[in-house]
Structures are given as C-alpha cells and as structure tokens.
Amino acid sequence: MTSPRFPVVAFDLDGTLLRRTTTSLVLADAMGHRPAVEELERLYSSYEIDNIEFASREAALFSGATPEEIRRHLRGAPWIAGIKETLTALADAGSTLLLATLAWQFAAEQLEYRSWFAAVSGAGMDLDGGVLSGRVAHHIDEDGKLAFVEEWCHAHGVGLHEIAVVGDSRSDVPLFRAAGTSIALNATADARAAADHVIDTEDLRDILPLLG
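This section reports on the structure supplied with the text. (Residues numbered from 1 in each chain as written. Predicted model: local features only at pLDDT ≥ 70, side-chain atom pairs only at ≥ 80, totals over all residues. Heavy atoms only, no water.)

Below, the discussion takes up the packing of aromatic side chains. Inspection of every chain in the model, using the stated rule, returns 4 aromatic pairs. Each ring, one from Tyr 44 and one from Phe 54, has its centre 6.2 Å from the other, and the planes form 75 degrees; the classification is edge-to-face. Here the residue Tyr 44 occupies a position in helix α2 (residues 34-45), and Phe 54 occupies one in helix α3 (residues 51-58), the gap between them amounting to 10 residues. What makes Tyr 44 buried here is its relative accessible area of 14%. Under the relative-accessibility criterion, Phe 54 is labelled buried at 10%. Just above the ring of Tyr 44 sits the side chain of Arg 170; from NZ or CZ to the centre is 4.0 Å. The side chain of Arg 170 reaches across the aromatic face of Tyr 47, ending 4.0 Å from its centre. (Phe/Tyr/Trp six-rings, centres within 6.5 Å; stacked < 30°, edge-to-face > 60°. Helix = DSSP H or I, 4+ residues; strand = E, 2+ residues; numbered from the N terminus. Buried < 20%, exposed > 50% of the residue type's maximum accessible area, 1.4 Å probe, protein only. Lys NZ or Arg CZ within 6 Å of the ring centre and 35° of its normal.)

Attention shifts here to the side chain of Thr 101. Relative to the assigned elements, Thr 101 resides in the loop between β2 (96-99) and α6 (105-108). At 2.9 Å, the side chain of Thr 101 and the backbone nitrogen of Ala 103 are in polar contact. In this view, Thr 101 contacts Asp 12, Leu 13, Ala 108, Val 120, Ser 121, Gly 122, Ile 140 and Lys 145; residues no more than four positions away in its chain are not counted. (Polar contact = N/O pair within 3.5 Å; in protein donor to acceptor, adjacent residues only side chain to side chain. Contact = heavy atoms within 4.5 Å.)

So far we have only geometry, and geometry alone does not tell us how the molecule works.
Set out below in structure tokens:
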C-alpha cells in the first residue's frame, strides 16, 4: 500500500464542518441562550474580545447540562454536505484525521462524527456532580490550536510540513502558516490570505482533489 499524500489532515469545526453556525449556537438554541451567544460571537469576530474572554463569559450559560443532554442538543447539527464521504476517502487513503477546534471539548466529544478523528482539541469545562460546572477548566486560543496539532504530530513522528489543514477563520491562521498545505474553506478574508488554496463550496468532497 502506498503512503497517503498527507499522513495527517486537520479540520476546523465551527464554520468549516458545521455550516453557517457553531457548536455554541447550536447549544444556545436548544438551551435558550442564543442572543447572548450571538453577541459574544459578534464581539469575537470584530476582535473586541479574545477566545479566552469568550469562553469565560459563555461557560456559565451551559452550566448544569449533562453530557447526554449535550449529545441530544447536537443531534441534527448542520454538517456540510459530503462529510461522511470525504472523511471515509481520506481515512481509506491512510490519512489520520484531527479535529482542531476552539469549541468546547465537551461538545466536540459528543458530535456525530467524533469517531472519525484520532484526537480532538477544545476548551475544557469540568463536570460537577455529573453536570457541567460552568467554569472553564482550560482555555485554548489560535496558538493552542496549533500546539495541539504540533504535539500530536510530534508524538507520532509526523512533521507539520507533511500535513494538510482545512479551516475558515482567524483561529486557523497560525496552523495554516505552519502546515505543508492549507485550505481556506468558505473562509474569512484573513484565513484566505494565509491559505495555499481557497475554495467556496457546500460539499466537502470538493476539497479532495486538493488533497490528492
């Protein structure tokens, strides 16, 4: 069997694999907090707050929820078309998949396609008596996203120059600059400027030619 062109392919989550929404907004809709989360996302997008401030303010909104409730709330989240076929094609070609996200790790771990990914990043929140505590256990920012991928690759003997990254926003820029190949998918201007490839599509399978 020949080696895959990219031994590791790292995907962003919010806005990339989930289309036109974020895990936070999906949960906020289900839990009645959408206006508050929309305002936080507006502040983040306009660079008025950073990801640490975002998580600190948002954490309390999700306190008291159980992992089972989070899984139920995320069922039916709006994935980009062709995701199963794309992940299958990459896995069959021998690539390891990583989910490099700033989203809550407790949410990312409950997602429908979690099993396709060898590892998942994200901000942490502890459980207190089996429910979310509402307190941030550990933060992650765009440099933390890069560090997550870098540490996984180092532990498995893969150089960052060998990997491909797919993302859509400012939090992907450091990883784009470090990776061998980067794809800005339905992306913001700053992500497009940093990427090797830019593509706008509603079907994830359209990235496969760029990944060989």
